[in-house]
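Each chain is listed here by its residues.
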Amino acid sequence: MKTLIHNDWQQVLEPVFAGEQYAHLHAFLKNEYATQTIYPEMHHIFQAFEWTSFADTKVVILGQDPYHEPQQAVGASFAVAPGVQLPPSLVNIYTELQSDLGIAPVNHGYLKSWAKQGVLLLNAVLTVRRGAAYSHRGRGWEELTDAAIAALSKRGGVVFILWGRAAQNKRPMINEQTNRVIASPHPSPLSAYRGFFGSKPFSRANADLAAMGERAIDWQLPETATLD
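**Q** What exactly am I supposed to notice about the packing of aromatic side chains here?
**A** The geometry of an aromatic ring pair comes down to the distance between the two centres and the angle between the two planes. One pass over the structure, following the stated rule, counts 15 aromatic pairs. Measuring from ring centre to ring centre gives 4.9 Å for W9 and F49, while their planes differ by 65°; the resulting arrangement is edge-to-face. Here F49 lies in helix α3 (residues 47-51) and W9 lies in helix α1 (residues 9-17), a separation of 40 residues in the sequence. Judged by relative accessible area, which is 0%, W9 ranks as buried. Of the residues examined, F49 reaches a relative accessible area of 1% and is grouped as buried. Between F17 and F46, the aromatic rings sit 5.8 Å apart at their centres with planes inclined by 85°, giving edge-to-face as the arrangement. Within this pair, whereas F17 is found in helix α1, its partner F46 is found in the loop between β1 (38-39) and α3, the two being separated by 29 residues in sequence. Of the two residues, F17 and F46, both sit in the buried class.

Spelled out as structure tokens, the structure:
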């Protein structure tokens with residue numbers, strides 16, 4: 001079996017990679033990348049898993065699918081490449097971060113420093129056609145990302161941050177006896193004022209981590225970032 005993720009996620013997700021559904025997904029993606037503009041770049045599809053190993057995951061921020069405009073998607077939920085204008089949802093995330101913890105927004109959206117502390121920036125669907133949000137929904141990614149969520153839930157000690165209905169639909173697969181869930185409306189401009197602002201997800205996540213004996217996340221991003 002080809003190694004797709006270069007850490008312990010490979011073994012965790014091996015049953016999915018070896019299955020018939022993933023074979024269909026692989027064939028579909030091979031054609032899509034050959035005939036359409038697909039984001040993120042092929043070698044960044046599993047970036048979220050590469051950045052944050054299974055063993056190191058303490059927090060999951062669950063998104064829907066990658067950004068679908070040029071140069072935005074980096075394979076991690078809500079993050080964008082250095083030098084790319086911040087999408088509105090990320091602007092709102094930074095606004096809430098400042099309100100919650102007093103952390104002033106930085107001028108980039110490269111969230112790798114969160115990931116390296118144990119924040120899995122996971123999208124439910126890992127690829128998308130240019131200009132067509134959720135265009136790869138129902139093609140097989142959900143089986144893989146649901147398996148990741150289920151494995152983390154079974155392991156326990158994880159804070160799941162679920163923003164919006166799509167993310168909250170995953171809540172039934174999370175064991176809330178051994179994990180914590182923070183749910184609110186999505187940070188997009190369409191819904192942020194319906195309860196995302198003021199929800200204090202960052203301080204709540206750190207409080208939950210402390211209660212479970214884990215080290216808090218330093219949510220302060222570096223002032224500058226470079227793509228690697």
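What follows continues from the structure just given.
**Q** Sorry, what's going on with the pattern of salt bridges here?
**A** Oppositely charged side chains may form a pair once their charged atoms are brought near each other. Scanning the model with the defined rule gives three salt bridges in all. As a salt-bridge pair, R129 and E32 come within 2.7 Å of each other at their nearest N and O atoms. Taken together, the positions of R129 in strand β4 (residues 128-129) and E32 in helix α2 (residues 20-35) put the pair 97 residues apart, joining distant regions of the chain. The closest approach of N and O atoms between D146 and K170, which form a salt bridge, is 2.8 Å.

**Q** What am I meant to see in empty space enclosed by the protein here?
**A** To find leftover empty space, a probe the size of one water molecule is rolled over the atoms. Inspection of the entire model under this criterion finds one cavity of 30 Å³ or more. Of the pockets and cavities examined, the largest cavity occupies roughly 40 Å³. I61, S77, F78, L90, I93, L111, W114, L121 and W163 are the residues that line the largest cavity. Residue composition of the lining of the largest cavity, grouped by class: eight nonpolar, one polar and no charged.

**Q** So what exactly am I meant to see when it comes to the environment of G213 here?
**A** Following the sequence through the fold, G213 ends up in the segment after α8 (201-211). A relative accessible area of 67% means that G213 is categorised as exposed.

Conventions we followed
- Residues numbered from 1 in each chain as written.
- Predicted model: local features only at pLDDT ≥ 70, side-chain atom pairs only at ≥ 80, totals over all residues.
- Heavy atoms only, no water.
- Phe/Tyr/Trp six-rings, centres within 6.5 Å; stacked < 30°, edge-to-face > 60°.
- Helix = DSSP H or I, 4+ residues; strand = E, 2+ residues; numbered from the N terminus.
- Buried < 20%, exposed > 50% of the residue type's maximum accessible area, 1.4 Å probe, protein only.
- Salt bridge = Lys/Arg side-chain N within 4 Å of Asp/Glu carboxyl O.
- 1 Å grid on protein atoms, 1.4 Å probe; cavity = no way out; pocket = protein on both sides within 12 Å on 5 of 7 lines; lining within 4 Å.
- Points joined across faces, edges and corners; volume = space filled by probe spheres on them.
- Nonpolar A, V, L, I, M, F, W, Y, C, P; charged D, E, K, R; others polar.

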